Amino acid sequence: MNIENKHILIGITGGIAAYKICELIRKFKKNGADVQVICTPNALNFVTKLTLQNLSQNEVFVDEFHPKHWKPEHISLADWADVMIIAPASANTIGKIAQGIADNLLTSVACAFPKPMIIAPAMNVNMWQNSGVQSNINILKSRGAEILPPESGFLACGYLGRGRLCSIDKIFDCACDILSYSKILSGKKVVITSGGTIEKIDPVRYISNFSSGKMGLALAKCANLMGAEVTLITTKDVDVPFKTIKVQSAKQMLESVNSEFEGADFIIMASAVADYRVKNYSEQKIKKGNDETITLELVKNPDILKEICNKKQESLKNTPIIVGFCAESENLEENAKDKINKKGCDFLIANDISRSDIGFNSDENEVIIFDKSGGKNKLEKSSKTLIARKILEYINH
Ligand code: CTP
C-alpha cells in the first residue's frame, strides 16, 4: 500500500508505551506519510516533545489555545488528517472519548473527528478488564473505531497479563489497510439491512433468530469508508457515523426499505427476516393456561427481497443492484442457485450456518457469491470486515 503524502494524526496519552510510538512515527515517515502528533500533558512525562518533533518533522501539539491559523487547532487537525491513531490509549482518554468529553487538545480533536480512528489501548491488566473500561471500548467499537486490543505479556507495572500495547507493525498495517480503501462508491447510495427481525407475540414475548447483525454492520461501515452514502436499516442498536433506521418487524423493515428504494444504487439484504409472524398479536400478556400445549397461529411475512426485485423489474430500470444473503444449513450451492432464481436478485451471498466457526454471531465468515448469470466466486474464510470489503468490490465491478 502506498501511503505517500497521506495525513496521519497520532495522539499519544500518558503511558509507558508512549516511547514505542517514536518507532511508529519513523515507520510512517519512512513510507512517505505526513505525520502530526498531539500529546496529552501526561504523555510528556514519558516522551519528550523534542523527540517527537524531530521524528515527525512537525510541531507537536499539546495545548489547544495557541492557534496558528484562523481555525481552532482541534478543527484544523481534524480536517487535515486522513486517519487518527490514539496509541497508547489510556483508560482515562478512552473513557473521555467514549463519553464525548473534550477537556484537552487530544480529546477535543477526537470529538471533532468523523473519519477512521484507530485506538490501541495499553494499561494494567486489571484496568483493562474493568467493566467501565470495557463498556467504553464497546461504545467506541460500535461507533466504528478500530480497536487494536492490548496483548499479553510482562507489563511495566510488574504484572503478567493482557495490557501491553499491541505491536507497532499491527498499528502500522491497520492504518495502511484503512488508507487503502479506495473511494469506489463515492456518489453512490447504498442501503443495507441487518439483524434478525423481531415478531412480537405479546408485550413480553417475541419470535426472532440468532442473527447478530455483524455482517450487515461490516458492510455498512465498509461502504461508508468507500465513500458511499449509506443507510443501515437494522434491528440492532448501533452508533455509527451514517444514517440508520431502527426497525423491529419484517413489516417495518419492508416499509423502510421501500422508503429508501428511490435513488438507491445498491440494496443489500443482509438481515435475517423472520418468515412468519403471529396472526393475532395479543395486547395483554398471554397467561399460562391449564393445557400442556399452546398453539400459535403464524402467517407469512412479506418477502422483502422478492418484493423489491419485482419493483425493480416493473420500473424497467437497471438500478438498484439488489443483493440477497442466504443462510443454509445443507445443500448450500443447490439451494443458493434455486434462491437467486426464485427471488430475482442480481447477487446472492451464501453462507453455511452449519459451521460454528463462521456466520451467526461469529466475527468471521466464508461465503460464495452467486450472480444471476450463473457465475460464482468463493471468498475464503476471513474477518467479516474483509469479507464485506470484497463483496462490495465484487458487486461494484
Ligand atoms: N428475505 C426477505 N424477506 C423474507 C425472508 C427473507 O427479504 N421474508 C431475504 C433475506 O434478507 C435474505 C434472503 O431473503 O437476503 C434469503 O433469506 P433466507 O432466510 O435464506 O431465505 P428464505 O427466503 O427465508 O427461504 P428459506 O427460509 O426457506 O430458506
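Thresholds applied
Residues numbered from 1 in each chain as written. Predicted model: local features only at pLDDT ≥ 70, side-chain atom pairs only at ≥ 80, totals over all residues. Heavy atoms only, no water. Patch = residues over 30% accessible without salt bridge, like charges linked within 9 Å, V, L, I, M, F, W, Y side chains within 5 Å. Areas by Shrake-Rupley, 256 points an atom, 1.4 Å probe, with all protein chains shown as cover. Salt bridge = Lys/Arg side-chain N within 4 Å of Asp/Glu carboxyl O. Helix = DSSP H or I, 4+ residues; strand = E, 2+ residues; numbered from the N terminus. Buried < 20%, exposed > 50% of the residue type's maximum accessible area, 1.4 Å probe, protein only. Pairing = 2+ DSSP bridges. Axes fitted to C-alpha atoms, helices over the stretch in contact; angles between N-to-C directions. Contact = heavy atoms within 4.5 Å. Domains from an automatic or database assignment. Buried area = accessible area lost by both parts, 1.4 Å probe. Polar contact = N/O pair within 3.5 Å; in protein donor to acceptor, adjacent residues only side chain to side chain. Nonpolar A, V, L, I, M, F, W, Y, C, P; charged D, E, K, R; others polar.

> Before we go on, may I ask you to explain a nonpolar patch on the surface in this structure?
On the surface, a nonpolar cluster with roughly 310 Å² of combined accessible area is contributed by Ile16, Tyr19 and Phe46. Its location among the elements puts Ile16 in the loop between β1 (7-12) and α1 (21-30). By relative accessible area, which is 48% here, Ile16 ends up partly exposed.

> For this particular structure, what's the right way to read the sheet that holds strand β13 (residues 243-246)?
Through backbone hydrogen bonds, the strands of a sheet pair up, either in parallel or in antiparallel fashion. Across the sheet, which stays open at both edges, the 8 strands sit in the order β13-β12-β9-β14-β17-β18-β19-β20 with mixed pairing between neighbours. For this open sheet the edge positions go to β13 and β20 (376-383), each flanked by a neighbour on one side alone. In this sheet, adjacent strand axes meet at a mean angle of 15° when their direction is disregarded. In this structure, strand β9 (residues 189-194) lies alongside strand β12 (residues 229-234), joined through 6 bridges in parallel fashion. Of the residues in β12, the one forming a bridge with Val191 is Thr231. Together, β14 (266-269) and β17 (321-328) form the strand contacts of helix α11 (residues 304-315), whose direction differs from that of β17 by roughly 155°.

> Looking at this structure, how should I read the domain arrangement of the protein?
Often, the extent of an interface is quoted as the loss of accessible area on bringing the components together. When its domains are assigned, the protein resolves into domain 1 (7-179) and domain 2 (189-395). Computed from C-alpha coordinates alone, the two centres of domain 1 and domain 2 are separated by 36 Å. Buried area between domain 1 and domain 2, summed over both chains or domains, comes out near 560 Å², and the portion from carbon and sulfur atoms is 45%. Along the contact surface separating domain 1 from domain 2 lie 1 salt bridge. For Arg389, the salt bridge is made with Asp177, and the minimal N-O distance between the two is 3.3 Å. Where domain 1 touches domain 2, the interface holds 2 residue pairs in polar contact (both at pLDDT 80 or more). In terms of residue class, the side of domain 1 that touches domain 2 is made up of 1 nonpolar, 2 polar and 3 charged.

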